[in-house]
Amino acid sequence: MERRAIVMGASSGMGREVARLLLAKGWHVGLGARRRDALEELCNEYPQLAVAEQVDVTKPDAEERLLALIERLGGMDVYVHMAGIGKQNTALEPSIELATTETNGLGFTRMVGAAFRYFRGENCDETAENDQKTAEKCKKSGGKSGHIVAISSIAGTKGLGPAPSYSATKALQNTYLEALEQLSTNLRLGIRITDIRPGFVDTPLIEGSNYPLKMDVQRVASQIVKAIEHRRHVSIVDWRYRVLVGFWRLIPRWLWRRIPLCRP
């Protein structure tokens, strides 16, 4: 059976690695990112399985471009949202804080909402104007199927002083996904929601930090694909972080603010 996934944010880092792993498993994958040229390598490597579309999640036309990518792919069973940014910003540089909020907050809400509406069948009539085959598949599902996967972070568990807007937007994502899961269940839509919360991955976000238990991108991507295939509700990557987050939740606020995560 053909499986079709859209990976948004597939041009680099974990997004690219997750897309590559899905393609290697035989998935048909639609690749979305701001830089289309960065996606061409995967398209050339898997010409029968991969298609690409330039999508900037912060732009108003992002939903339209997502629908175009779905059409080119021939439908969508799983939407994987991996588009995000983040930097340590103890100086609270406005450009960094606002760009992070725009991408991880506004962009996330725009794209995950668009995927939810697609699976609910709200875009079927619009799709019919361009691709009758895809529209028929959309209507056939009747809004009763679909799987939305988003990569948030354990950073949403607590406010992290070195990266205020990043941890705040990840908390927004955690809550939004929980709300969509309740909405789908209450309306009996059958749309599955998976919130994947990696620990500290060795990326530019935490470069030079004293964060513990850093993980490499390939290891995390493999765990993400496993969570997608097992259709989990919430998946913290990996087991060490499940223990750590459980401990974090018990730390009172008066003690948390004294934990030395920020360098003077």
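Residues numbered from 1 in each chain as written. Predicted model: local features only at pLDDT ≥ 70, side-chain atom pairs only at ≥ 80, totals over all residues. Heavy atoms only, no water.

A. The arrangement of the overall build of the chain in detail. When helices and strands are tallied, the chain shows 10 helices and 7 strands. Of all 264 residues assigned to the chain, the portion counted as buried reaches 52%. Surface exposure of the chain reaches about 12,900 Å², of which carbon and sulfur atoms provide 52%. (Helix = DSSP H or I, 4+ residues; strand = E, 2+ residues; numbered from the N terminus. Buried < 20%, exposed > 50% of the residue type's maximum accessible area, 1.4 Å probe, protein only. Areas by Shrake-Rupley, 256 points an atom, 1.4 Å probe, with all protein chains shown as cover.)

B. Summary view of the nonpolar core. Counting 49 residues, the largest nonpolar core has Leu31, Ile224 and Ile228 as the members making the most contacts within it. Ranked by residue count, the leading element in this core is helix H8 (residues 217-229), at 7 residues. In this structure, Leu31 is in contact with Val7, Ala10, Ala19, Leu39, Leu42, Cys43, Ala50, Val51, Ala52, Glu53 and Leu69, ignoring residues within four places of it in sequence. Formed by 29 residues, the second largest nonpolar core is a distinct cluster that contains Leu69, Tyr118, Ala150 and Ile193. (Core = buried A, V, L, I, M, F, W, Y, C linked by side-chain atoms within 4.5 Å. Contact = heavy atoms within 4.5 Å.)

C. Broad picture of the sheet that holds strand E6 (residues 192-198). Strand order across the open sheet formed by 7 strands is E3-E2-E1-E4-E5-E6-E7, with parallel pairing between neighbours. The sheet terminates laterally at strand E3 (50-54) and strand E7 (234-237), the two strands that pair on one side only. Shown here is a sheet whose adjacent strand axes are inclined to one another by a mean of 15°, direction ignored. Contacts from helix H3 (residues 62-73) reach strand E1 (4-8), strand E2 (28-33), E3 and strand E4 (78-81), with the element oriented near 165° to E3. Most of the contacts of helix H4 (residues 94-120) go to E4, to which it runs at about 175°, and overall it touches E1, E4 and strand E5 (147-151). (Pairing = 2+ DSSP bridges. Axes fitted to C-alpha atoms, helices over the stretch in contact; angles between N-to-C directions.)

D. Quick peek at the pattern of salt bridges. Going through the model one piece at a time under the given rule, you end up with 13 salt bridges. Across the salt bridge formed by Arg240 and Asp238, the nearest N and O atoms sit 3.2 Å from each other. Each of Glu53, Asp61, Arg65 and Arg72 takes part in one network of salt bridges that share partners. (Salt bridge = Lys/Arg side-chain N within 4 Å of Asp/Glu carboxyl O.)

E. Molecular detail of the pairing of E6. In terms of burial, E6 is largely enclosed, as 6 of its 7 residues are buried. Handedness of the E5-helix H7 (residues 164-186)-E6 crossover: right-handed. In terms of strand pairing, E6 meets E7 through 4 bridges, oriented parallel. In the sheet register, Arg197 faces E7, and the bridge partner there is Ile236. (Right-handed = clockwise from strand over helix to strand, strands pointing away.)

F. Just the packing of aromatic side chains, in detail. The full count for this structure, using the stated rule, is 5 aromatic pairs. Here Tyr118 and Phe119 contribute two aromatic rings whose centre-to-centre distance is 5.6 Å and whose plane-to-plane angle is 65°, an arrangement assigned as edge-to-face. When the centroid spacing of 6.3 Å and the interplanar angle of 50° are considered together, the rings of Phe200 and Trp248 count as tilted. Within this pair, whereas Phe200 is found in the loop between E6 and H8, its partner Trp248 is found in helix H9 (residues 239-248), the two being separated by 48 residues in sequence. Given the relative accessible area of 7%, Phe200 is considered buried. Given the relative accessible area of 7%, Trp248 is considered buried. One aromatic cluster is present, built from ring pairs that chain together Phe200, Tyr241, Trp248 and Trp256. A cation over an aromatic ring shows up here: Lys158 above the ring of Trp256, its NZ or CZ 5.5 Å from the ring centre. (Phe/Tyr/Trp six-rings, centres within 6.5 Å; stacked < 30°, edge-to-face > 60°. Lys NZ or Arg CZ within 6 Å of the ring centre and 35° of its normal.)

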